[in-house]
Every structure is written in structure tokens, then in C-alpha cells.
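As a plain string of letters, each chain reads:
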Amino acid sequence: MAALGWLTPRRRSATARSVLAGEASAEAARKSSQEAAGTTEEPQFPVHGDDRAAAFFDLDNTVMQGAALFHFGRGLYKRKFFETRELAKFAWQQAWFRLAGVEDPEHMQEARDSALSIVKGHRVAELQSIGEEIYDEYMAERIWPGTRALAQAHLDAGQKVWLVTAAPVEIAQVIARRLGLTGALGTVAESVDGVYTGKLVGEPLHGPAKAEAVRALAAAEGLDLGRCAAYSDSHNDIPMLSLVGHPYAINPDSKLRKHARELDWRLRDYRTGRKAAKVGIPAAAGVGAVAGGTAAAIALHRRRR
């Protein structure tokens, strides 16, 4: 038994090294093939001056660590928009999202329903102003530098860059403006005379709806989708990624990683640590911070019951 216990970590370590060796071998083969063909450089991308190309970026866990809707909820709680019970729910859902690295449809629906009930009766202008503050408090430090650099490359090439997210469009627009992007497509909450009704216009901008939004925007802007790029972490965005000529899997969940490899899509992983990159979870310090925050929220709730 002792021998088996000793061998187990060796097997895990060997697997990680095998993956690393395989990636290095593939990269060496690619470079060798390029040299044999007389070129060592990939074609320039994005293409400078191509005004019929644009880039579309998912937000949650692609541009920003975690889910924008949960960060927004945290900011609203600070401003006493709702009670501790809802905060505990938001904290748990955010912890699950960070640990699993994938969106849970039930959690996202609950978060949307909570957000709609919370903002009902408030003015749109009020939430837009609060969104600016929440970005500074909870979101700015969670922007992935690697993804930000990709977006900037498109901007430097003279191309428009759009966020495409299921988050409320008001929050998405704040983030896009702060990052210097062109704009944002997001979920639209119904308002009458500038006041939220607590309902959505249509449905959340999620999955196939994102692809339809990108298709419509491309038509309105005169873009050639075959020359455009799209970036996402989630297999739910495969419809959007499949629309463009340059799809990228960023911090991908396991299903998207598998799909991307099968179709030879580009992958980028900006999560901390080799292990985090391989299994799709944050580094240990991040896990501890989230778990601690969740436990604190739940404990606070129990003390006040």
C-alpha cells in the first residue's frame, strides 16, 4: 500500500509533464514545417487597415475574471439594494463559477432573476452611475491583461472591438468604455420612462442569441465575418465563435478546449499557474479567497437570523 501511495503522485506528475512535452513537440514541428516552407512567421493578424474586420469578446472569464453580474450584485449589496440572504447566494454562485470554470445555467438564471427584481423601480441613469463605481471597486483589477492586449491589438489595427455578454447592457457598456473598446452588446432590461420594470426585452443574450447579435451587428456595420475574430471561454459561445474566420478559445472550459482542438482553433489561457491552466480552476490562493468570502457571507447571514 505504501508503494502504491508513493506511485500515485508520480503518475500525476508524469501526466502533466507528458502534456507539456507534447505541446513543445508540436510547436517544434510547426516551426520546422514553416522553415522548410521558407517562412518562420505566421501571417499578420489582425490585419492593419482592414475596416471590414472587427473583434467580438465574451466578457465573463474571457475579458474579466468571474461573472460581471455577480460583481454587480456585490456592489448593489454594498449600497443596500438587497439583504444578506441574497448576498450569500451571489457569493456561492460566484465561488462555483470560479471553481468550475463554466457557467451553470440555473445559477445564471437565478442571478438574472435576482438582479431584475432588485433593480425594478430604479432609474436607468441611477444604475449607470452606480455601474461606474462598481467597475472601479470590483471589476477593474479583475481584467485579464492577456485578453486586454488582444483587444488592443485589434484597436491598434484600426478595427472595432465589441463586448458580447449576457450581463446587463448598461454594465457591459461601462466596461467597454473603461477599456477603450468600441461598445458592447448585452442583455436589455425593459424600462418605461427611464425606470426599470423588472422584465427583460426578449431573452438574455446567451448562447445562440449572442451569435444572432453578432450577425446583426456585422450586417449593420458592413463587416465580413470571415475576416472577423471572436474570443470566449465557454462552450456556450460555440455558435458565436463558429460565425467568424478567426475564433479563439480564451481560458476555455473543458468542452470548448476539446472542440477548439478538434477544429484547430487558437487557444490562450491566462489563468494563474500551470495546474490551473490544465484543469480550469483558479490558483490555490484564489480558491481560498473565494471560499473564505463565501463562508464569511454565509456565517454573517446565520448570525443575523
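Below is a summary of the structure that appears in this document. (Residues numbered from 1 in each chain as written. Predicted model: local features only at pLDDT ≥ 70, side-chain atom pairs only at ≥ 80, totals over all residues. Heavy atoms only, no water.)

Considerations on the overall build of the protein
Now for step 1: Regarding its fold elements, the protein presents 12 helices and eight strands.
Now for step 2: In the protein, which comprises 305 residues, the share counted as buried stands at 45%.
Now for step 3: Long-range pairs, those at least 24 residues apart, make up 62% of the contacts in the protein with a sequence separation of at least 6.
Now for step 4: With an accessible surface of roughly 15500 Å², the protein has 55% of that area assigned to carbon and sulfur atoms. (Helix = DSSP H or I, 4+ residues; strand = E, 2+ residues; numbered from the N terminus. Buried < 20%, exposed > 50% of the residue type's maximum accessible area, 1.4 Å probe, protein only. Contact = heavy atoms within 4.5 Å. Areas by Shrake-Rupley, 256 points an atom, 1.4 Å probe, with all protein chains shown as cover.)

Considering the packing of aromatic side chains
Now for step 1: Taken as a whole, this structure holds three aromatic pairs when the rule is applied.
Now for step 2: With 4.7 Å between their ring centres and 25° between their planes, Y231 and Y248 make a pair best called stacked. Here Y231, found in strand 6 (residues 229-232), pairs with Y248, found in strand 7 (residues 246-250); they are 17 residues apart in sequence, far enough to count as distant.
Now for step 3: We classify Y248 as buried; its relative accessible area is 7%.
Now for step 4: Connected via pairs of aromatic rings, a cluster forms that spans F45, F57, Y231 and Y248. (Phe/Tyr/Trp six-rings, centres within 6.5 Å; stacked < 30°, edge-to-face > 60°.)

Some details on the nonpolar core
Now for step 1: Judged by nonpolar contacts, the single largest core of 40 residues is most densely connected at F57, L59, L76, M139, L163, I175 and Y231.
Now for step 2: Examining the composition of this core, we find that seven residues originate from one element, helix 5 (residues 124-139), more than from any other.
Now for step 3: Among all residues touching Y231, those that are not within four sequence positions of it are F45, A55, F56, F57, D58, T62, L150, H154, M240, L241, Y248 and I250.
Now for step 4: Core analysis: the second largest hydrophobic core is formed by 25 residues, L185, A218, A230 and L256 among them. (Core = buried A, V, L, I, M, F, W, Y, C linked by side-chain atoms within 4.5 Å.)

Focus on the pattern of salt bridges
Now for step 1: Tallying each qualifying case throughout the model produces 16 salt bridges.
Now for step 2: Where K210 meets D58, a salt bridge forms, and the shortest distance between an N and an O atom there is 2.6 Å. Residue K210 is found in helix 8 (residues 208-221), and its partner D58 is found in the loop between strand 1 (54-57) and helix 2 (68-78); the two are separated by 152 residues along the sequence. Each of the two residues, K210 as well as D58, counts as buried.
Now for step 3: Here the salt bridges share partners, and the residues they tie into one network are K78, R79, E133 and E137. (Salt bridge = Lys/Arg side-chain N within 4 Å of Asp/Glu carboxyl O.)

As for the environment of E190
Now for step 1: Residue placement: E190 occurs in strand 4 (residues 189-192).
Now for step 2: Using a relative accessible area of 29% as the deciding quantity, one classes E190 as partly exposed.
Now for step 3: Considering only alpha carbons, one finds E190 and V201, 11 residues apart in sequence, at a separation of 5.4 Å.
Now for step 4: The contacts of E190, once residues within four sequence positions are left out, are V195, Y196, T197, K199, L200 and V201.
Now for step 5: A distance of 2.6 Å separates polar atoms of two side chains, one belonging to E190 and the other to T197. (Polar contact = N/O pair within 3.5 Å; in protein donor to acceptor, adjacent residues only side chain to side chain.)

Note that every value here comes from positions in space, so none of it alone points to a role or purpose.
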